[in-house]
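Overview (structure and organization)
What follows is each chain in one-letter form.
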4 protein chains.
Amino acid sequence: MRKVCVVIGSRANYSSIKAAMQAIQNHSELELQVVVGASAILDRYGSVVDLIEQDGFTPDARVFMLLEGESPITMAKSTGLGLMELPTVFERLAPDFVVTVGDRFETMATTLASVYINIPLAHTMGGEVSGTIDESIRHAVTKFAHVHFPACNDARERIIRMGEREEDVYLVGCPRMDLVREILEAENGLPCDLFADGVGGAIDPDAPFLIVSQHPVTTEYGEGRDQMMETLIAVSRLGLPAIVLWPNPDAGSGQVAESIRVFREHHDDSQIHFFKNLPIDVYIRLMKRTTCLVGNSSSGIREGAFIGTPVVNIGTRQSNRERGSNVIDVGYTADEVEAGIRQQVDHGPYASEPVYGDGFAGKKIADILASCDVRLQKQITY
Amino acid sequence: MRKVCVVIGSRANYSSIKAAMQAIQNHSELELQVVVGASAILDRYGSVVDLIEQDGFTPDARVFMLLEGESPITMAKSTGLGLMELPTVFERLAPDFVVTVGDRFETMATTLASVYINIPLAHTMGGEVSGTIDESIRHAVTKFAHVHFPACNDARERIIRMGEREEDVYLVGCPRMDLVREILEAENGLPCDLFADGVGGAIDPDAPFLIVSQHPVTTEYGEGRDQMMETLIAVSRLGLPAIVLWPNPDAGSGQVAESIRVFREHHDDSQIHFFKNLPIDVYIRLMKRTTCLVGNSSSGIREGAFIGTPVVNIGTRQSNRERGSNVIDVGYTADEVEAGIRQQVDHGPYASEPVYGDGFAGKKIADILASCDVRLQKQITY
Amino acid sequence: MRKVCVVIGSRANYSSIKAAMQAIQNHSELELQVVVGASAILDRYGSVVDLIEQDGFTPDARVFMLLEGESPITMAKSTGLGLMELPTVFERLAPDFVVTVGDRFETMATTLASVYINIPLAHTMGGEVSGTIDESIRHAVTKFAHVHFPACNDARERIIRMGEREEDVYLVGCPRMDLVREILEAENGLPCDLFADGVGGAIDPDAPFLIVSQHPVTTEYGEGRDQMMETLIAVSRLGLPAIVLWPNPDAGSGQVAESIRVFREHHDDSQIHFFKNLPIDVYIRLMKRTTCLVGNSSSGIREGAFIGTPVVNIGTRQSNRERGSNVIDVGYTADEVEAGIRQQVDHGPYASEPVYGDGFAGKKIADILASCDVRLQKQITY
Amino acid sequence: MRKVCVVIGSRANYSSIKAAMQAIQNHSELELQVVVGASAILDRYGSVVDLIEQDGFTPDARVFMLLEGESPITMAKSTGLGLMELPTVFERLAPDFVVTVGDRFETMATTLASVYINIPLAHTMGGEVSGTIDESIRHAVTKFAHVHFPACNDARERIIRMGEREEDVYLVGCPRMDLVREILEAENGLPCDLFADGVGGAIDPDAPFLIVSQHPVTTEYGEGRDQMMETLIAVSRLGLPAIVLWPNPDAGSGQVAESIRVFREHHDDSQIHFFKNLPIDVYIRLMKRTTCLVGNSSSGIREGAFIGTPVVNIGTRQSNRERGSNVIDVGYTADEVEAGIRQQVDHGPYASEPVYGDGFAGKKIADILASCDVRLQKQITY
């Protein structure tokens, strides 16, 4: 009976690992442990921990680790805080594996807390390529992880080229696609009170509309406000109704949010609706319906390929990430963004391309964790 | 005028970067900043910071970050502490580069504090291969660093294979060899009061003698005491006088130290002398004279090749590190260690092999830092 | 030339010490140092640090120390964080005095950081009596402080009864009254765009209106939402327009804020305006005009006495604090609050009572700090 | 069934509370929880936690919180660290009372962690008077504590005069006297291998001998080395054999230890034996036999009165602490110390004076914790 401790630090983390958590919980030879921390336990970010409990998981620990301030300094110090807190938790839970997801800054706290105290680390979504500091974080976690679960084939190859042993690298796809598959199979409609949450006017989801999801780029700290403003101007020029999502709590998110506030004060927002968070099922169904997803969210690249969503991807945040034919890449100016959206409006929906998995990643991850051999002392293969 | 901030966390750190610090301080287009932390500011570890000041450097900050306990838990938490402290320091000093050395646990604190707040990171001694968690730390730092200063050729090639851009990787050799070169050129004798420090009997350095330097292996936590005891037994069987050095403050050092204490209580120590620390110049001259260096210190592999010291290298701590012909590798038992030493006694001194540099690394590092282009946004090359 | 380091952790802190800061800065024998931390450097709480700079002060350090979460756990841990950060700051600034204000949780971090490293501590607003954990914090700071600046006479007597030396206790009044005096003397009108900030309808400040300022009570954690809702119901029954202020960032503030949000969703808010923060000068002028100030803010007790504002004080937060005749105390139910307000509506404005100082406290504090003798080793007087 | 959580941070803490822990563990209506932290879990300070387990207690948590460095800065930061760690522990254990002992710096971490999260605090050894920062800490803890267990009558009166409610203050005596009573009643001899531990010569405990126990004074940081040297010189002048104990891990202990080392190098130590720690039973029996106890340990004042030990108390560390007739107070110079010792040599043993309890404090404490009413919201009585 192996104990597997999954650490969740954000809403995105959770939806990227939920299918694996279900499979681990249901596996006869695995015991699931859940640690929830960083923004996932905060009211301000929609109390993801409540959602986790509603989904039938029991958090074994809640770890406060975010220092207020949302600057590069607090991002670094928050990681330090997490690294002071998590060893205590891991020592108490004594898992056989810690599972960490992706590449957010707090992932380094999970990673170091685990490997420094000799607990094997499993890593999902490694080997991909992107912009921001996440690019370095992801590859550094790969160099610490003992078991790798890349989501796509070029990620798998990259992990091996970085010197990881081929037998430790398992191409399983992204567990988030499991959720997307289930949601699309359920064929539910959108909630009728969808626009009761958030602020701004109600939008007709059966008519053409845009989705905007744009996050700060940590290596371009200080420019987030202008970048978001350009996007909002482009959107307003299109004249299509739009759903705008709140930025992630990275360094710079305050600036992006500020941009949203300023825009709202100076523009009629009856055709724009702002959400802090959307339930993933609603979001996926909106991605299935939207005329075009605009911004720099990874969901356009990943779920977009699976769903067939037309995407205008802005700037450096997703640069070099493997993508399907549904994505058009543009720069930060309102003109570029506008041109991209118009091109996608003309094209319409794309065919599904399962670049990031076939929708059954969770089960594969659980089976591997239950049976794989682990060599605690790593060594580069060349 | 670029500001270069060198972070020193231990005695070994300092001697590995001192030559580069001198070259940076003397460079007309560079300004040196010095941050001293972790064990380097503690009396218990010989107050390396005092040595740094005596050498003409001025510490810009002293960072307390070691949590008492010397276990894997405190190693992890100490890194967290460092990561909470260092961003404050870097924000105040605002360097153009942070320089971090090697692969000790606190190196991750320096690394994350630097790159999370968008300060370019230079890394020395990357790309090498070893045992323990240092192996993962070293490669993870490589994935964060913007400029790489490997010490030997296969390290350079490994860094590039991990996906770093060739133009960011500079083969300079190890700055520690600069010191070794200077010490050997000076042709000074040993201090006449050498054995006034430390405990145990005085040894005749003109007659054959052994040096023992054995550190805990973090991934073999709990076995350090027995491992050291086997070595001490082997040494006592040889009947040669021996100089025994105190272990590094890694997780498990208390156990190794305990082993030393127990041995001393039950054996005549008139022919064994124990040192907490030795000045590097004395140590190098002893390496030049010793019949054989026994243990798992990296100095046997690195300086040993340059000096030509016969070395018996024990266990996994240095596994796969590039080495010259002066090294014999053995396991942990007293029998294996004894056999290795006897073989080296028969062989005698080796010819010099400059595997880890030609003794002029510091100047090369300073020149590169003064002129190199840096791309803050990293991206893997494949 | 004595260096005096004032530590500011919140908006309330700042307005309580600003007059003393001005006097210290202007004093020929004192050098002012300013450390800004906790909520005072956060956008979310109105960036008090910007205000501090606009007022002509230069922060010597900004200290991030608030852990996100707003629960008793994060309040405790945030204090721990402050206590890890502030010694570094104080060591660098090397002040002759640290000045700490009042009784908020982070005050303990300032206090311990100062006295543990042997820097004399001056404390303003000690010796008063209130509810919540602030009551214990305030008296504990008194037991650490070397110089005491109570605001009112019974506070002075209480400090001496607690065992402090009479010669270390200086009755100076509250420096906040200096600001109140200056604001009222200036006879400025309210800003014409007052209601452009915040949310909700515009209110006529020349007609009768209420002010609501209610904060969570840390020892009644979990009840803040209901308590605030009762107050808002009482206010809505009165039918008078109202200005409602956002709660302090204490444990429980999220609950009070939630209550405000729920109320806004279910009530017409054209006659209610919500502010996150108000400039102190605007607030004082509103206190001069309001029909009645409702809630548990200390301003009703303190500035209210000086200004003559009718106050309905709710619950335990201000219990036993010395008060003038302008205050009516009530319980938490809507009925009690409503009855209190009606009584104050009938009464109208009160005469000024200078219970908390004559408006010249800042100058007195500066003069004393410049000349007083300090005995670092404290000892209780009995 | 009330849960009582005792927090132990040092060897002295433990022996001061052990009798109460036994009584709590044996009480039918109480459940004992034990948290061990700070120096009590460290090998360097003799692993008090092992002793606690040998005595039949089960630690519920071990809290690493000491930052290496032993300076005022690290003392402050270590307290901050404890304050970040302990809320997690208390939240998990959810005790009805936290019990904190005395006045060491880490006591403030226990205190704030408890009261900030609304857990009632019981405090032993409050209300006494001493030198150093402990004086302020002790009284500050009193202002936070909900139940007080002073050890002597003037301490009880002082607590009440500080504004605590008489019904919350219970004069129970010091639980350490319970242990002293039991040890003296047992009438065991000294262990025959007593001098196998520690360093230096063996001493005849049946002939006259001195005990030296001198600790650094935090407010006299930097002077500890000279102070200790004077005492050692005085002792050597007497010509009596001596047992010298290692200093506490306060700021400055490194300096006192250094003094011991220097003295040992330059003096014949065949008549002096140095111990890092002594089991309390051995120590008490030595106090019963010694010609004179020299230094600034509280044991001379407290246990000394109960046992009747002649004591020469040096300097400010115990100033104003209530004492029996067995104590002679002197200054720091070798001459003063020597004169004091000679006077005690002439006097010989004193009669027992139970100033600090009758030897049955533990049972009283347990009974009170099982039945007392607690008012969470404190308020000063005047």
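Look up a bit, the structure's there.
This structure is a prediction, so every number in the text was calculated from the model and none was measured. In this convention, every chain numbers its residues from 1, walking through the sequence in written order. To label them, take the chains in the order written and letter them from A, then take the ligands in the order written and number them from 1. The predicted nature of this model means local features are confined to residues of pLDDT at least 70 and side-chain atom pairs, given and counted, to a pLDDT of 80 or more, with totals for whole chains, interfaces and linings taken over all residues.

Topic: the overall build of chain A
Helical segments are the DSSP runs of H or I of at least four residues, strand segments are the runs of E of at least two, and each set is numbered from the N terminus. Scanning chain A for helices and strands turns up 13 helices and 13 strands. By its C-alpha atoms, chain A is 55 × 40 × 40 Å across when sized along the principal axes. In this description, a residue-residue contact is defined by the distance between C-beta atoms placed from the backbone, which must lie within 7 Å. Intrachain contacts of chain A at a sequence separation of at least 6 include 72% that bridge at least 24 residues.

Here we look at the sheet that holds strand β6 (residues 147–149) of chain B
All names here are of chain B. If you walk across this open sheet you meet the six strands as β3-β2-β1-β4-β5-β6, and the pairing is parallel. Only two strands of the sheet have a single partner each, and these edge strands are β3 (59–63) and β6. Sheet twist, expressed as the average angle between the axes of neighbouring strands with direction ignored, equals 20°. Paired strands, as defined in this entry, are two strands with at least two bridges between them according to DSSP. Two elements, strand β1 (residues 2–8) and strand β4 (residues 97–101), share three bridges in a ladder whose sense is parallel. Following the sheet pairing, Val 6 is matched in β4 by Val 99. Between the N-to-C directions of two axes lies an angle of 0 to 180 degrees, each axis being a line fitted to C-alpha atoms and, for a helix, fitted only over the stretch in contact. Each of β1, β4 and β5 (121–124) touches helix α4 (residues 107–116); the most contacted strand, β4, lies at about 165° to it.

Notes on the relation of the copies chain D and chain B
The superposition of copies rests on a least-squares fit of C-alpha positions from residues with pLDDT of 70 or more in both. Once chain D has been moved 0.0 Å along the axis and rotated by 180°, it coincides with chain B to within an RMSD of 0.0 Å. Taken together, the rotation and translation relating the two chain copies correspond to the operation of a two-fold axis. Residue Leu 67 of chain D, judged by its C-alpha, is the member of chain D lying nearest the rotation axis, at 2.2 Å. Here 100% of the contact residues of chain D are again contact residues in chain B; the copies associate through an equivalent surface.

Examining the interface of chain D and chain B
At the interface, 11 residues of chain D touch 12 residues of chain B. Here the side of chain D that touches chain B takes three residues from helix α3 (residues 72–93) of chain D, the largest share from any one element. Charged means Asp, Glu, Lys or Arg here, nonpolar means Ala, Val, Leu, Ile, Met, Phe, Trp, Tyr, Cys or Pro, and polar covers whatever is left, Gly included. Within the side of chain D that touches chain B, the residues separate by chemical class into five nonpolar, three polar and three charged.

Focus: the interface of chain A and chain B
Each partner contributes residues to the interface: chain A has 43 residues there, and chain B has 43 residues. If you list the elements that add at least two residues to the side of chain A that touches chain B, you get α3 (72–93), α4 (107–116), α5 (134–144) and α6 (153–161) of chain A. For the side of chain A that touches chain B, the element with the most residues is α3 of chain A, which contributes 12 residues. Broken down by class, the residue content of the side of chain A that touches chain B amounts to 24 nonpolar, 12 polar and seven charged.

Some points on the packing of helix α7 (residues 175–186) of chain B against helix α11 (residues 298–307) of chain B
Residues and elements named next belong to chain B. Two elements in contact, α7 and α11, have axes whose closest approach is 10 Å; the angle formed by their N-to-C orientations is 40°. The orientation of α7 relative to α11 falls into the category oblique. The handedness of the crossing between α7 and α11 comes out as right-handed. Contacts from Arg 176, Met 177 and Val 180 of α7 reach α11 at Arg 302, Glu 303, Phe 306 and Ile 307. Class assignment for the residues of the contact of α7 with α11 results in four nonpolar, no polar and three charged. Geometric relationships in this document are graded by angle, where less than 35 degrees denotes roughly parallel, more than 145 denotes roughly antiparallel, 65 to 115 denotes roughly perpendicular, and other angles denote oblique. Helix crossings fall into two classes, left-handed where the near helix is turned counterclockwise from the far one by less than a right angle and right-handed where it is turned clockwise.

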